[in-house]
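# Observations on chain architecture
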Amino acid sequence: MAVDVSLNTAEVWRSVVAYQHRKPNPEATWENRATVPYYLDEWEDKVRYDVRGPYTRETPARVQAGRDASELAAQKSSGAADKGKPTRRVVSVTVEKTALTWGECSRRDAAGKWEEV
């Protein structure tokens, strides 16, 4: 489906999902995997981002952000000691917009040489 967007007034959207991983248990090894959980009940401080786009309209960006958020939240551990425990949590779901603006970056002088502005 073609979208009629003028390049002079174009706006672009993207979906951004921020999430965190569960902290791994330092005591977990392959030998005790049946009794010791692989993950702790804490979350890492680092926030990771899943960014998709660009989109020419806001609605597809919202749909993709919702899909990504539900997919990340649905990921569960498969270990024997902590089976079914979520491994990721969604911190925020946003849609960002930027406007395309045109600006002069280089100019050709009378002699035909290009110079940066």
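In this report, the structure presented in the accompanying data block is examined. What you see as residue numbers is a count from 1 along each chain, following the sequence as written. It should be noted that, the model being predicted, local features are given only for residues of pLDDT at least 70 and side-chain atom pairs only at 80 or more, the latter also being counted only at that level, while totals for whole chains, interfaces and linings use all residues. Heavy atoms throughout the structure, all of them, feed into the side-chain values; hydrogens and water do not.

### Focus: the side chain of R22
What counts is decided by this rule: Secondary structure elements are taken from DSSP: a helix is a run of H or I of four residues or more, a strand is a run of E of two residues or more, and numbering for both begins at the N terminus. Any N or O atom pair separated by 3.5 Å or less is treated as a polar contact, with the protein-specific requirement of one donor-capable and one acceptor-capable atom, and with residues adjacent in sequence counted only for side-chain atom pairs. Note on contacts: a residue pair is in contact if any heavy atoms of the two residues lie within 4.5 Å.
Inspection of the secondary structure assignment puts R22 in strand β1 (residues 11-24). Polar contacts involving the side chain of R22 include one to the main-chain carbonyl oxygen of L40, which spans 3.2 Å. Dropping the residues within four chain positions of it, R22 is found in contact with Y39, L40, D41, E42, W43, E44, K85, P86 and T87.

### Things to note about a nonpolar patch on the surface
Our working definition: Surface patches are defined over residues having more than 30% relative accessible area and no salt bridge, joining like charges when they lie within 9 Å and nonpolar side chains (Val, Leu, Ile, Met, Phe, Trp, Tyr) when within 5 Å. Using a 1.4 Å probe, accessible areas were evaluated by the Shrake-Rupley method; residue-level cover was limited to the displayed protein chains. Definition used for salt bridges: Asp or Glu carboxyl oxygen within 4 Å of a side-chain nitrogen of Lys or Arg.
On the surface, V47, Y49, V51 and V91 cluster together to form a nonpolar patch covering roughly 350 Å² of accessible area. When you line up the elements, V51 lands in strand β3 (residues 48-55).

### Some remarks on helix α1 (residues 58-73)
Owing to its 3.6 residues per turn, the α-helix aligns residues three or four sequence positions apart on the same side. Counted only if it meets this: The length a helix should cover is 1.5 Å for every residue beyond the first. Each residue is assigned to one of three classes by its accessible area relative to the maximum for its type, calculated with a 1.4 Å probe on protein chains only: buried under 20%, partly exposed between the two thresholds, exposed over 50%. Taking the helix axis as origin, the arc is that swept by the directions to the C-beta atoms.
Here α1 is 16 residues long and its end C-alpha atoms lie 23 Å apart, about the 22 Å a rise of 1.5 Å per residue gives. Of all the residues in α1, the buried ones are A61, Q64, A65, D68, A69 and L72. Looking straight down α1, one finds that the buried residues subtend no more than 135° of arc, so they occupy a single side. Exposed and oriented more than 90 degrees from the buried face of α1 are T59, R62, R67 and E71.

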